[in-house]
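An overview of the molecular structure
This is what each chain is made of:
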Amino acid sequence: MSTHPVATQSPSVEEPVNLPEPQSLTSERLRAWAWHRQGLDGSLAGCTAEQVLARAGWARSVGGANPYLTLFARAGIRREQVDTDVLAHRILELPVARGCTYVLGREDFAWALKLGKDAAEAIRVLGRLGVERGEITLLEEQVLHVLAEAEGPMDPRQLKEELGDSVRNLGEEGKKKGATTTLPTALGILQSQGKIRRVPANGRLDQQRYAYEPWGLAPSGLDDDAARTELIRRYLGWTGGATFKQSQWFTGFTVAQSKAALAAAGAVEVPTALAPSQAETDPLWMLPPDVGRLAAFEEPAGEQIQLLAGTDSLFLLRRNAADLLAEEDQHKQALGSLALQADLPDHPILDRGRIIGLWQYEPAQERIVPWLFHGPTPAVTQRIAEVEAWIREDLGDFRAFSLDSPASRQKRIDALAASAAASAAGSSAAGTAG
């Protein structure tokens, strides 16, 4: 493939980077490239959970099933193995980027926890409620002592009972500020320091009931600047390239922090183009080796079908679901225009990075309810059956987040079924007319 004649010198590489022509980086090509970088093309088959999360990125966990499907879709890993890996501390759910919880591999535990440290804000909130820092420090010490003496993990209710008056109730004013008692702040600080860790109550990641146990994780040798640089380096590797604003959303870094981290990682700007009828988009920031890989990348010719969660890294890392829709599908109606939403209303069905439909799981019928924008192919039908069987055998249900329930998603299930029926009727009418 030809390259753009302008060479961009990266601060941390010795040789200039030859950029692909912007006209060659169309929406279709960039969708397939992101698909490949995420390992959704079969390139991660046979890998361990740690290897998948290192290549595709940390799996967002909000008490839903996304971490399980992340690993099943890319490497065929079943829930029993995932739960075993959690129990063995090979992978864990931790508060990292923006303080949000993700499932990540053990090599990332210590430095990634530095990114989730938001104790200062929590302490400020408590300070406005009349709680001094020394009170929280004492509570932290008491929590560690209680957990060290316990026979097993303790949930917040058990800890509160054991700690008694050491946990202060902050009343109605505290409720308004999201701090009912002082215990969550102490637990959050201890977890961010690697001194304790959360344990899923029943060993599963697709719920949000936790207990706590002592951990004693060795601290990272990276300072805050180095940790931010490492996150940017990982992020650009996971995505294969992202705009400045997209990187800021995921990392939560300030403009100055983002610029410094991009420079330290040696990232370069790569201009791109949308469809010929559209103007150029914001440039992508990429790691220099990936620029060459993108220039040589060949889009797959055959179908590659996957069913993913709406919080899969393919979408969540950049929150660009609209970019993964073909132009003719930009305004499909599913209780609102998909193109105008940062997040999908349902889980997506994809082919080589393009969203070709949506789905939900209906546990009462033990079935996936799909809506294909342009009808199913044999490959789509087969993959739906495979994921349906996996959910039935491994999970029992597929929740998007902790409070998701069959009753709460019934409206979406009915809307998908109606859309699918309307599409089928339209196709039948068109065939008869033809």
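Above this note sits the structure.
Now for a quick tour of the structure. (Residues numbered from 1 in each chain as written. Predicted model: local features only at pLDDT ≥ 70, side-chain atom pairs only at ≥ 80, totals over all residues. Heavy atoms only, no water.)

Turning our eyes to something else, we now look at the layout of surface pockets. Quantified by volume, the second largest pocket comes out at close to 460 Å³. Forming the walls of the second largest pocket are 22 residues, and the residues nearest its centre are Thr-243, Gln-246, Leu-284, Asn-320 and Asp-323. Looking at the lining of the second largest pocket, the elements that each hand over two or more residues are helix 1 (27-37) and helix 12 (244-251). By residue number, the principal contributor to the lining of the second largest pocket is helix 1, which donates five residues. Of the residues belonging to the lining of the second largest pocket, the class tally is seven nonpolar, nine polar and six charged. (1 Å grid on protein atoms, 1.4 Å probe; cavity = no way out; pocket = protein on both sides within 12 Å on 5 of 7 lines; lining within 4 Å. Points joined across faces, edges and corners; volume = space filled by probe spheres on them. Helix = DSSP H or I, 4+ residues; strand = E, 2+ residues; numbered from the N terminus. Nonpolar A, V, L, I, M, F, W, Y, C, P; charged D, E, K, R; others polar.)

Turning to the packing of helix 7 (residues 133-149) against helix 8 (residues 156-163), a few remarks are in order. Running from N to C, helix 7 and helix 8 point in directions that differ by 110°, and their axes come no closer than 11 Å. When the axes of helix 7 and helix 8 are compared, the pair comes out roughly perpendicular. In this structure, helix 7 contributes Leu-139, Gln-142, Val-143, Val-146 and Leu-147 to the contact, and helix 8 contributes Leu-159, Glu-162 and Leu-163. (Axes fitted to C-alpha atoms, helices over the stretch in contact; angles between N-to-C directions. Parallel < 35°, antiparallel > 145°, perpendicular 65-115°, else oblique. Contact = heavy atoms within 4.5 Å.)

Turning next to the pattern of salt bridges. The full count for this structure, using the stated rule, is 31 salt bridges. Across the pair Arg-198 and Glu-93 runs a salt bridge whose closest N-O atoms are separated by 3.2 Å. Separated by 105 residues along the polypeptide, Arg-198 in strand 6 (residues 196-200) and Glu-93 in strand 4 (residues 91-95) bring together distant segments of the chain. When its relative accessible area of 17% is taken as the criterion, Arg-198 is described as buried. Residue Glu-93 is classed as buried on the basis of its relative accessible area of 7%. Here Arg-234 and Glu-230 are joined by a salt bridge, their closest N and O atoms 2.7 Å apart. Remark: Glu-230 and Arg-234 occur in helix 11 (residues 224-239); sequence separation between them is four residues, near one turn of the helix. Residue Glu-230 is classed as buried on the basis of its relative accessible area of 17%. A cluster of three or more residues bridged by salt bridges with shared partners is formed by Asp-108, Glu-230, Arg-233 and Arg-234. (Salt bridge = Lys/Arg side-chain N within 4 Å of Asp/Glu carboxyl O. Buried < 20%, exposed > 50% of the residue type's maximum accessible area, 1.4 Å probe, protein only.)

Moving on to the nonpolar core. Core analysis: the biggest nonpolar cluster contains 83 residues, and Trp-58 and Phe-398 have the highest contact counts within it. Counting 23 residues, the second-largest nonpolar core is a separate cluster that includes Ile-123, Val-125, Ala-179 and Ile-196. (Core = buried A, V, L, I, M, F, W, Y, C linked by side-chain atoms within 4.5 Å.)

Counting buried positions over the five residues of strand 4 gives five, a clear majority of the element. Burial along strand 4 is two-sided: Ile-91, Glu-93 and Pro-95 and Leu-92 and Leu-94, pointing in opposite directions, are all buried. For strand 4 and strand 5 (residues 101-105), the ladder comprises five bridges, and the chain directions are antiparallel. Looking across to strand 5, one finds that Leu-92 is bridged to Leu-104. (Pairing = 2+ DSSP bridges.)

What follows is about the side chain of Thr-251. With respect to the helices and strands, Thr-251 occurs in helix 12. For Thr-251, the side chain forms a polar contact with the main-chain oxygen of Ser-247, separated by 2.8 Å. For Thr-251, the side chain forms a polar contact with the main-chain nitrogen of Phe-253, separated by 3.1 Å. In contact with Thr-251, other than residues within four places in its own chain, are Arg-98, Leu-231, Ile-232 and Ser-258. (Polar contact = N/O pair within 3.5 Å; in protein donor to acceptor, adjacent residues only side chain to side chain.)

In this section: the sheet that holds strand 5. With antiparallel pairing, the three strands of this open sheet are ordered in space as 3-5-4. Edge positions in the sheet fall to strand 3 (59-60) and strand 4, since each of these pairs with one other strand and no more. Where helix 2 (residues 49-56) meets the sheet, its contacts fall on strand 3, strand 4 and strand 5, and the angle it forms with strand 5 comes to roughly 115°.

Just distances and angles here, no functional claims.
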